[in-house]
Amino acid sequence: MQTAIEHFPVLIVAISLFSAITILVAGWINKKTPPFISIATILAQFVASILILNHVLTKGPIHYWLGGWKPPWGIEYVVDVLNAYVLVILLFLGLACAVYSKRSIEHELPHKIVSFYAIYQLLITGLCGVTVTGDIFNMYVFIEIMSLSAYALIGSRGKIALKASFTYLVLGSIGACFFLLGIGFLYSVTGSLNMHDLSLLLPPLYGNRIVKAAFVLFIVGLSIKMAFFPLHTWLPDAHAFAPSEISAMLSGIIIEVCTYAFIRLAFSVFSVNFIRLLPIFDILCWVAGIAIIMGSILAMTQFNLKRMLAYSSVANMGYIMLAVGLSTSARNYPWCGLTPALMHILNHALMKGCLFLVAGAFIYKADLWDITELRGLGRKMPYTCAAFVIAAISMIGVPPSVGFVSKLYIIFASLEAKKFAFVAILLVSSLLNLIYFWRVIETMYMKGEEGEEHSHASISSKDEIPLSMLIPVLTLASLCIVMGVLWLAGITIPALNKVNAMFGLVVIR
Amino acid sequence: MIEGAESLRPWLAIACPALSAILVLLFSKRPNVREGWTLLATIVQFSIIFSMVPMILEGTVIESYLFTMFPGIHFGFKVDAFGLIFAITSSFLWILVSIYSIGYMRALREHAQTRYYFCFAFAIFGAVGVALSGNLVTMFIFYEILTISTYPLVAHEQTPEALFAGRKYLAYLFTAGSFLLGAVVLTYSLAGTTDFNKGGILTMAFAPRSVLMILFILFLLGFMKAAYMPFHSWLPTAMVAPTPVSALLHAVAVVKAGVFGIVRTVCYIYGIDLMHELGLGIMLASFAAFTMIVASLFAIAQDNLKRRLAYSTISQLSYIVLGVALLSPMGITGAMIHIPFHGFMKITLFLCAGSILVASGKENISEMAGIGRAMPMTMFAFTVGALGMCGTPPIAGFISKWFFSLGAIQSGQIAFLCVILIASLLDVVYFFPIIRTAFFGKMLEIETLSGDREEKVVVLSEKVQTKEGKRPIYLFMVVPLAITAFFSILFCFFPQAFHLYDLAQKAVKDIFGGM
C-alpha cells in the first residue's frame, strides 16, 4: 500500500502538463487567467516537492512504477535526496519567476500572454520530468520537452531573439543527438534503459570500449546543454535576448538541471569505480578551471548587462563542474563528494535568478540594457538596486553570502585533492568577479546622472517596480544571505551528505 | 588559572552598530533622529565593551560560539586582552567621530548622509568583529565586511578622483582578502584549527620550512590593510574621503585591522618560538624599518595636509609591526599600546585637518600660514598630536616609543633602535613645518579659492576665519578633537587609563607565559 506522498513524483509532472493545456483553454476564454493558473500550479508543485523532500529524508527513496509495469520493462520514477533537492530548487525559482512575470510579461509580450504561460508550464514539466525520472530514455524525452519549450520562450520577443533561439536550437539539437547516441550505445550492450538496472548490468562491462564511448557522448551532449565552457557559444545570445524571467530560469535552473542529469548518469548509471578507471574527472577539472577564468574575462568585456550576467553563468558552470570533478577525491566531511557542487547549484540559482530579475526590472521600467545607462539608478530604484548589490557581492564571494560559502567549500575540496592550482583559480576568479560586478554597482550608486544621454529621464524621482515583481527579487536577494549563514552553520549539510553516502563518496568513520 | 566564560556581551557589542545601521536607514528622512540613533549605539557599544575589561583582567577568557562551520572551526568570539584593546580603541573613538561627523557633514552640506552613516556603522561592525573574533575564519568574515563597507565612504564625493580612489582601494584590499583567504585555508589544512592560541598553533612538525615561510608571506599580503610599503599607495589615494572617514577608518579601524591581524598572526598563530626558529622576525622587522624611514621621507614631500598625515600613518603603522617583529616582551607591549595611542593622536590630527577644511576650505599646508591665530584651539590640539607622533613627552607617543626602544635593546638589535630614532627625527622634520607655518606664518590677505568644495564653504569661511566656535555647529567639531588631544596627554601620565596598559601587560604575560 503506497502512501499519498509516493504518488507525488508523477503528480508533479502530470499536473504541470495538464495545467499547460488548461492555460490554453482558459486563456482562450479569458485572457486574465493564465498567470494565476500557472502560479497556483507551481505553488502546488512546490508544496508537493517539499513534502517529497521531507519523505525522502525521513523514510528513504520513493519508487513509482508508471502504469504498474515492473521495471526494467516499465518506466520507473525514482526520487532520492538528490532529485528531491533539485526539484525543490527548481520549483522555488520557477515560482519566483512566475510571480515576477505576471506584470513583466504584460509589459513585454502583451499579445502573447496565453502562449507564454502555456509554454512556461511545459518548461516546468520538462524540468520536473528530467529530475524525477529513473529511466534514461525518459530523461532524454524530458530534456527535449524542456529544451523545445526553452527555444520557443527565448524566441518569443521576435527579431534578434529569433536568431539567438535558432542558434540554441541547432546546438541544443546536436547535444541531444550526442545524448541519444550515448543511450543507444548503452542499450546495444546491455539491452536496458532503466537506470538502476543499468547500474547492475554495467560493472562487468566497464572495460568495454562502447561503454566508455557512451560515457564520453553523455559528457559532450550534456556539456552543450549546460553551456560548459568551450561549448557555451549559444548561451550569451540566448540569455541576453530572452525575456528576463526566462533568462533567470535558463541561467538559474535549466543549465543546472542538465548538470543534475550529468551527475545522475555519472554516479547512478555509471559509478565511482568506473570514473576512477578513466582520467575523465581530472580533465573535467581543468576544463572547468579554464571555464571559470574565461567566463569571467569575457564577462568583463561586455557592455550589455544581461550578456555580462550570461558570461558570468559560464564561469559559474565552471564552478559547479569543478566541484563535480573534485568530488571523487575529496572525502572529508563536510566538503566531501558532491556537497560543494550541489551547494553551488542552489547558490547559483539564488544569485543568478535575482540578478537576472533585477536586470529585467531595469528593462521593464525604462528599457535600460547597457551598463552605462544605469547611472544614478541607485536613488531612483532603491530596493531593486539593493537586491542587485546583495546578489552581486554574493557572486564576488563576500562573507557571509552564499557565494562565499561555495568558494570556501570548493577551495577546501581542492586543497584536500592536493590540486593547489584550483585554489589560485578560485581566488583569481573572485577578483575578476569583483571587477565586472563592481563596475555595475559603481555606475548605479556612485555616478551621477549628469551624463549627456539621460536615458531614464522618464523615471521620476523615485519609482519602484510593482510589488509582484519586487517581492520575488527581494526574496531571492535576502535568501542569498540567509542561506549563506545556514550553509556556514552546517544545518543543511547532513542532508546533502546523504547523497554522498548513496554514491559511495564518503568515508564512513 | 585561565578559564572560559560564556557571555553574550560580544554579540551585544556587535549588534549595536548593526542595529544602528538599520535604524539609520529607517530614519533617513529625519536627520536628527538618525544621528541620535548613531550616538546612542556608539555609547551603548562602548559601555558593553568596557564592561568586559574586569573579567579579562582577572584572567577569564570570554567565549561565545554560535555554531560550528567546519570541524574545529566555530563561528564566534573569544575575547582576550589584546582583542579588547583594539575593541576599546575603535568603539571609544567611534563616539567622538560620530559627534564630529555631525558637525562636519552638516557644515559642508554633504550629500548622501544616510549612506554615510549606514556604511560607517557597518565599518565599525566589521572592525569590532575583527577585534573580538576567536579564530581566523571568523576574523576573515569581518575583515571582508570591513573592506566592502568602507568603499562607499572612500568614494563618497563621487567625483572621478574619488571613484578612482574607491576602485584602487577595492583592488588593493580585495586582492589582499584573497591572499588572506588562501592563508587561512592553508593554515586550517595544516593545523586543523584556526583558533588564536597563546603559544601559536603552527609548529615545525606540520610542514616543511619553506611552506611555513610562504604561508607567512601569504598572511602578510593578506594584511595589506596595514599599508606597509610597497603596498601602501591605496592609503594616500583614499584620502579623498570625507575627513571623519579618513580619521576613523584610515587612522584607526581599517589600517589597525591590518596591523592587528599581523600581531595576531605573529603571536597567536605562529607563536614567538616558531617565529624565532624560522627567522621571520628579522625579515618582518626589516620590512617595517624600511617602511618607517621611506614613508617619513615621502611625507616630507607632501603639501596636502591629509596626504602628509596618510604617509605619517604608514610610517607609524610600521612602528607597530616593528615592535612585534622584535619578538621581545617590551617590543610587543609597545606594539599593543601603540595601537590605541597612535589612534588617539592620529585622529586628533585628522580631526584638526577636517576642521581647517570646513572653516577655511584649505587643504594644503602652504596655504595655512597664520591659521593658528584664527583657530587656536584646533591648532593647539594639532600641536599636541604632532608632538605625540614625534615621541616627545608628555604625550602618549613617548610611552610607546620608550617601549619600542626598550624592546629593540631587549632583543639585542641595536640597528633597529637606530631606525626608531631616525624615524622619530624624520617625524619632527615633517611635522614641525606645519606647526611653524600655522603659528608663525603670515596670513594671506586674499585666498585663492578653486574647485567646487570651496564654493560650499565660502559663505561660512568669512565669519569663521577669525574665531572658531561662533556657530554652534563647530562645537561638534572642536569638542571631539579637544577630547582626543586631552587623552593623548593623559595617556602619557596615566597609561593605565581605560586599563589599556594593564590589558597590554596581561596579553604579553600570556604570550610569554608568566614572564
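Each value, and the rule that gives it
- Residues numbered from 1 in each chain as written.
- Chains lettered and ligands numbered in written order.
- Predicted model: local features only at pLDDT ≥ 70, side-chain atom pairs only at ≥ 80, totals over all residues.
- Helix = DSSP H or I, 4+ residues; strand = E, 2+ residues; numbered from the N terminus.
- Rg over C-alpha atoms; globule rule 2.2 N^0.38 Å.
- Buried ≥ 20, exposed ≤ 12 C-beta atoms within 10 Å, placed from the backbone.
- Contact = placed C-beta atoms within 7 Å.
- Core = buried A, V, L, I, M, F, W, Y, C linked by C-beta atoms within 7 Å.
- Axes fitted to C-alpha atoms, helices over the stretch in contact; angles between N-to-C directions.
- Left-handed = near helix turned anticlockwise from the far one by under 90°.
- Nonpolar A, V, L, I, M, F, W, Y, C, P; charged D, E, K, R; others polar.
- Pairing = 2+ DSSP bridges.
- pLDDT = per-residue confidence, 0-100.
- Bend = angle between axes of the 7 residues up to and from the residue.
- Parallel < 35°, antiparallel > 145°, perpendicular 65-115°, else oblique.
- Expected span 1.5 Å × (residues − 1).

Before going further, it helps to spend a moment on the overall build of chain B. If you tally the helices and strands in chain B, you get 21 helices and 3 strands. For 515 residues, the compact-globule estimate of 2.2 N^0.38 gives 24 Å, and the C-alpha radius of gyration of chain B, at 22 Å, lies within 12% of that figure. Buried residues in chain B amount to 62% of all 515 residues. A fraction of 80% describes how many contacts in chain B between residues 6 or more apart in sequence connect residues 24 or more apart.

Now for the overall build of chain A. A tally of regular secondary structure across chain A gives 20 helices and 2 strands. Taken over C-alpha atoms, the radius of gyration comes to 22 Å for chain A, in line with the 23 Å a tight globule of 509 residues would show. Per-residue burial over chain A gives 60% buried out of 509 residues. Relative to all contacts within chain A whose residues are 6 or more apart in sequence, the contacts with residues 24 or more apart total 80%.

If you look at the biggest cluster of nonpolar residues, it comprises 409 residues, and the most contacted ones within it are C354 of chain A together with V321 of chain B. When sequence neighbours within four positions are dropped, the list of residues in contact with C354 of chain A reads A387, A391, V473, L476, A477 and C480 of chain A.

Our focus in this paragraph is the packing of helix α5 (residues 113-132) of chain B against helix α10 (residues 243-270) of chain B. Residue and element names in this part refer to chain B. Between α5 and α10, the shortest axis-to-axis distance is 10 Å and the interhelical angle comes to 30°. In the packing of α5 onto α10, the handedness of the crossing is left-handed. Contacts between α5 and α10 involve A123, I124, A127, V130 and A131 from the first element and L249, A253, A257 and F260 from the second. When the residues that make up the contact of α5 with α10 are grouped by side-chain class, the tally is 9 nonpolar, no polar and no charged.

Moving on, we come to the environment of Q121 of chain A. Inspection of the secondary structure puts Q121 of chain A in helix α4 (residues 113-132). It is 6.8 Å that separates the C-alpha atoms of Q121 of chain A and S38 of chain A, two residues lying 83 residues apart in sequence.

As a further point, take the pairing of strand β3 (residues 73-79) of chain B. All names here are of chain B. Counting buried positions along β3 yields 6 of 7 residues, so the element is predominantly enclosed. Pairing of strand β2 (residues 60-70) with β3, which is carried by 7 bridges, proceeds in the antiparallel orientation. Each residue of the ladder has a partner; that of T68, found in β3, is H74. What sits between the antiparallel neighbours β2 and β3 is a turn of 2 residues, in which G72 has the positive phi angle 90°.

On the chain B side, the residues contacting the 21 residues of chain A number 22 residues. The set of elements that each furnish at least two residues to the side of chain A that touches chain B consists of α17 (402-416), α18 (420-445) and α19 (467-489) of chain A. When grouped by side-chain class, the residues that make up the side of chain A that touches chain B number 16 nonpolar, 3 polar and 2 charged.

Further remarks concern the confidence of the model for chain B. Averaged over chain B, the pLDDT score is 84; the fraction of residues at 70 or greater is 93%. Averaged pLDDT values for the elements of chain B fall to 43 in helix α19 (residues 451-464) of chain B and rise to 90 in helix α13 (residues 305-325) of chain B.

This brings us to α10 of chain B. Residues spaced three or four apart along an α-helix point in a common direction, a consequence of the helix completing one turn every 3.6 residues. Residue and element names in this part refer to chain B. Considering bend angle alone, the principal kink of α10 is centred on L249 and spans about 50°. The buried fraction of α10 is high, at 28 of 28 residues. Just past α10, the residue G271 takes up positive phi, approximately 85°.

Moving on, we get to the packing of helix α17 (residues 396-410) of chain B against helix α18 (residues 414-440) of chain B. Residue and element names in this part refer to chain B. Following both chains from N to C, one finds α17 and α18 inclined at 155°, their axes separated by 7 Å at the closest point. Comparing their axes, α18 and α17 come out roughly antiparallel. Seen from above, α17 lies across α18 with left-handed handedness. Each of K401, F404, S405, A408 and I409 in α17 lies in contact with α18, whose residues at this interface are I414, F416, L417, I420 and S424. Each residue belonging to the contact of α17 with α18 can be placed in one class, and the counts come to 7 nonpolar, 2 polar and 1 charged.

Residues and elements named next belong to chain B. Over its 32 residues, helix α14 (residues 329-360) extends 46 Å from the first C-alpha to the last, a length consistent with the 46 Å expected when each residue adds 1.5 Å. The largest bend in α14 comes to about 35°, at H338, with the proline P340 one to four residues further on. Most of α14 is tucked away: 32 of the 32 residues are buried. In the stretch just after α14, G361 is the one whose phi turns positive, near 75°.

On to unusual backbone geometry, then. In this structure, P400 of chain A follows P399 of chain A across a cis peptide bond, with omega equal to 0°. Counting through the fold element by element, P400 of chain A comes out in the loop between α16 (382-396) and α17. The residue after P393 of chain B, namely P394 of chain B, is reached through a cis peptide bond having omega 5°. Summarising the element assignment, P394 of chain B is placed in the loop between α16 (376-390) and α17. Positive phi, normally seen in glycine, also occurs at K418 of chain A, with a value near 60°. Within the secondary structure, K418 of chain A is located in the loop between α17 and α18. Residue K418 of chain A is classed as exposed on the basis of its C-beta count, with 8 C-beta atoms lying within 10 Å.

Looking now at the environment of R9 of chain B. Residues and elements named next belong to chain B. Tracing the chain through its elements places R9 in helix α1 (residues 9-26). The partly exposed category is assigned to R9, around which 18 C-beta atoms lie within 10 Å. When the C-alpha atoms of R9 and V79 are compared, they prove to be 9.8 Å apart, with 70 residues separating the residues in sequence. Ignoring any residue separated from it by four or fewer positions in sequence, one finds R9 in contact with I48, S51, M52 and I62.

All names here are of chain B. Within the secondary structure layout, F70 lies in strand β2. Note on F70: 23 C-beta atoms within 10 Å, which makes it buried. Linking F70 and G192, residues 122 residues apart in sequence, is a C-alpha distance of 9.7 Å.

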